[in-house]
Amino acid sequence: EVNVEELEEEGENPFAKSAPWFALWPVPEYCFTQTFSAFCFASLYIKSEVVSTLCAVAEECLWLLAQCVYTTKFQKAMKLEQFKQIEQTTIKQIS
């Protein structure tokens, strides 16, 4: 919010000045990209779709954490192709 009293100098009539050609006001330097990114990131958390999606993703991650995604117990040594096949089968069974 702009305080009008701070804009005018003491003893000066603001209406006596001529109007400038450009309406520019000095702004302190700041990183617009970072500020805008933080705003967008923070504003997404107020949308119900985003919150429900993040909850579903977190739930899925916890479920996957509890699962045994890879087969790690083998009775004998095997070739790489056999290993890949067994792993793909295990992953398909989980999903």
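Residues numbered from 1 in each chain as written. Predicted model: local features only at pLDDT ≥ 70, side-chain atom pairs only at ≥ 80, totals over all residues. Heavy atoms only, no water.

(A) Spatial organisation of the overall build of the protein chain. The helix and strand tally for the protein chain stands at four helices and zero strands. Sorting the 95 residues of the protein chain into buried and exposed places 2% on the buried side. Approximately 9,700 Å² of the protein chain is accessible, and the part contributed by carbon and sulfur atoms is 63%. (Helix = DSSP H or I, 4+ residues; strand = E, 2+ residues; numbered from the N terminus. Buried < 20%, exposed > 50% of the residue type's maximum accessible area, 1.4 Å probe, protein only. Areas by Shrake-Rupley, 256 points an atom, 1.4 Å probe, with all protein chains shown as cover.)

(B) Summary view of the environment of Leu64. As for its placement among the helices and strands, Leu64 is situated in helix α3 (residues 48-66). With relative accessibility at 39%, the residue Leu64 sits in the partly exposed group. For the pair Leu64 and Ser95, spaced 31 residues apart in sequence, the C-alpha separation works out to 9.9 Å.

(C) Molecular detail of a nonpolar patch on the surface. A cluster of nonpolar residues, Val27, Tyr30, Phe32, Phe36 and Phe39, forms a patch on the protein surface that exposes about 600 Å² of accessible area. Along the chain, Phe36 turns up in helix α2 (residues 32-44). (Patch = residues over 30% accessible without salt bridge, like charges linked within 9 Å, V, L, I, M, F, W, Y side chains within 5 Å. Salt bridge = Lys/Arg side-chain N within 4 Å of Asp/Glu carboxyl O.)

(D) Inspection of the confidence of the model for the protein chain at higher detail. Here the protein chain averages 81 in pLDDT, and 84% of its residues register 70 or above. When mean pLDDT is taken per element in the protein chain, α3 scores highest with 90 and helix α1 (residues 4-7) scores lowest with 66. (pLDDT = per-residue confidence, 0-100.)

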